[in-house]
Amino acid sequence: MTVREEIEQLKREKDAVILAHYYVRPEVQELADYIGDSFSLSRTAVGLKEQTIVFCGVSFMGESAKALNPEKTVLMPDAHADCAMAHMADPEKISRVRETYDDVAVVCYINSTTELKRYSDVCVTSANAVQIVRALPNKNIFFIPDKNLAHFVAEQVPEKHFIFNDGYCPVHQQMKTEEIRKAKALHPRAEVLSHPECTKAVLDMSDYVGSTSGIIKYAGESSAHEFIICTEDGVLFELQKRYPEKKFYFTDTEPVCEDMKLITPEKILHVLKTGENEVIMAGELCEESRKPLEEMLRLAK
Ligand code: 13P
Ligand code: SF4
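Values in this document were obtained by computation on a predicted structure and should not be read as measured data.

> Got a minute to help me understand the site of ligand 2 in this structure?
Taken together, Tyr23, Val58, Cys83, Met85, Asn111, Cys169, Glu197, Cys257 and Met260 form the complete shell of residues around ligand 2. Classifying every residue of the shell around ligand 2 by side-chain character gives 7 nonpolar, 1 polar and 1 charged.

And the structure:
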């Protein structure tokens with residue numbers, strides 16, 4: 001039997017379903033029942049009929065799926081796949097901000113630890129952050145952990161006062177304007193499509209800014225035929241699958257999230273066989289981190 005056949009058989013035997021983020025390897029995306037960005041995957045995770053979810057992504061994604069479905073088994077193909085940005089905020093700073101501002105909402109990018117979520121009022125993803133922040137009744141917004149997404153949202157929602165945090169995604173932060181300019185010089189007709197985790201300098205030279213799903217959708221709707229993609233290179237698989245007639249380019253320093261690339265078909269097979277790397281969360285932590293996630297799903301409707 002091939003690895004794929006074994007996985008399919010075990011999925012049936014264990015009543016399992018595979019979810020994968022667009023940033024994982026193509027061979028993993030090919031095995032997934034659902035592929036998506038962070039928002040669509042967290043929405044999908046709610047209401048699945050299968051008892052076991054194999055989450056091909058980094059730890060905050062598996063933890064969010066578990067918090068939203070405490071009665072389900074969530075398995076991570078690689079327990080070390082983590083998001084560096086998820087740790088870049090401090091619960092003590094949250095308390096200090098809450099003491100300083102009385103009308104404040106702590107808005108937590110889903111790319112964050114469970115510990116940070118439990119102290120937050122609402123989660124957001126790059127696909128819904130503007131919509132949700134706009135809908136909040138609070139004047140003051142403490143946006144954690146990502147400073148780049150925070151500044152992008154602040155620009156779209158000028159009526160709110162933002163308190164910024166110093167986190168960032170190392171993969172998107174390293175995207176350089178000179179390299180984008182160089183790609184533009186090589187492909188002058190190409191549009192620049194960027195993820196809001198990139199710096200303001202990159203976003204300012206972009207034709208479109210949006211979540212991973214937003215970028216994929218925009219590339220289909222645009223009349224342009226060439227695009228410079230300023231996000232993790234895993235999206236190329238879906239872009240080429242959907243739009244084989246269009247061309248996609250990356251900067252010389254290709255944006256790669258090494259943690260996302262830890263997931264392999266063999267590791268999926270292993271956790272399905274053994275049940276290893278199950279996401280375990282203490283009841284209280286699970287419940288407290290579920291609240292901001294559910295608030296996100298409610299406000300993003
Ligand atoms: P989205 O899935 O919201 O586009 O976010 C990108 C990301 O960095 C996921 O880790
Ligand atoms: Fe985290 Fe950046 Fe990797 Fe996304 S791409 S998982 S934000 S380190």
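> Just to check I follow, could you spell out the environment of Gly62 for this structure?
Here Gly62 lies in helix H4 (residues 59–68). Accessibility expressed as a relative area gives 0% for Gly62, which makes it buried. Between the C-alpha atom of Gly62 and that of Ala79, which follows or precedes it by 17 residues, the distance is 9.9 Å. Look past the residues within four positions of Gly62 in its chain and what remains in contact with it is Phe55, Val74, Met76 and Val279.

> It is not clear to me how the pairing of strand S7 (residues 140–144) should be interpreted in this structure. Could you clarify?
Looking along a regular strand, one sees side chains alternate from face to face of the sheet. Burial analysis of S7 places 5 of its 5 residues in the buried class, which makes it a mostly covered element. Of the two faces of S7, the one carrying Asn140, Phe142 and Ile144 and the one carrying Ile141 and Phe143 are both buried. Bridge count between strand S5 (residues 104–109) and S7: 5 bridges; the pairing is parallel. Considered in S7, the bridge of Val107 is made with Phe143. In terms of strand pairing, S7 meets strand S8 (residues 161–163) through 3 bridges, oriented parallel. Bridged to Ile141 within S8 is Phe162. In this view, the connection linking S7 to its parallel neighbour S8 by way of helix H8 (residues 147–156) has right-handed handedness.

Thresholds, definitions, all that
Chains are numbered independently. Their residues run from 1 in the order of the written sequence. Labels follow written order: the first chain is A, the first ligand is 1, and so on. Local features are withheld for residues below a pLDDT of 70 in this predicted model, meaning they are given only at 70 or higher, and side-chain atom pairs are given and counted only at 80 or more; totals for whole chains, interfaces and linings count all residues. Excluded from the side-chain calculation are hydrogens and water; included are all heavy atoms of the structure. Definition of nearness: a residue and a molecule or strand are near each other if at least one heavy atom of the residue lies within 4 Å of the molecule or strand. Each residue gets one of three labels, nonpolar for Ala, Val, Leu, Ile, Met, Phe, Trp, Tyr, Cys and Pro, charged for Asp, Glu, Lys and Arg, and polar for the others, Gly among them. A run of H or I in DSSP counts as a helix once it spans at least four residues, and a run of E counts as a strand once it spans at least two, with each numbered from the N terminus. Exposed residues in this analysis have more than 50% of their type's maximum accessible area, buried residues have under 20%, and partly exposed residues fall in between, with area computed by a 1.4 Å probe over protein chains only. Contact between two residues is taken to exist if any of their heavy atoms lie within 4.5 Å; hydrogens are not considered. Pairs of strands are assigned from DSSP output, requiring at least two bridges between the strands. Handedness of a crossover is defined as follows: with both strands directed away from the viewer, a clockwise route from the first strand across the helix to the second makes it right-handed.

Coordinates in, geometry out; function isn't part of it.
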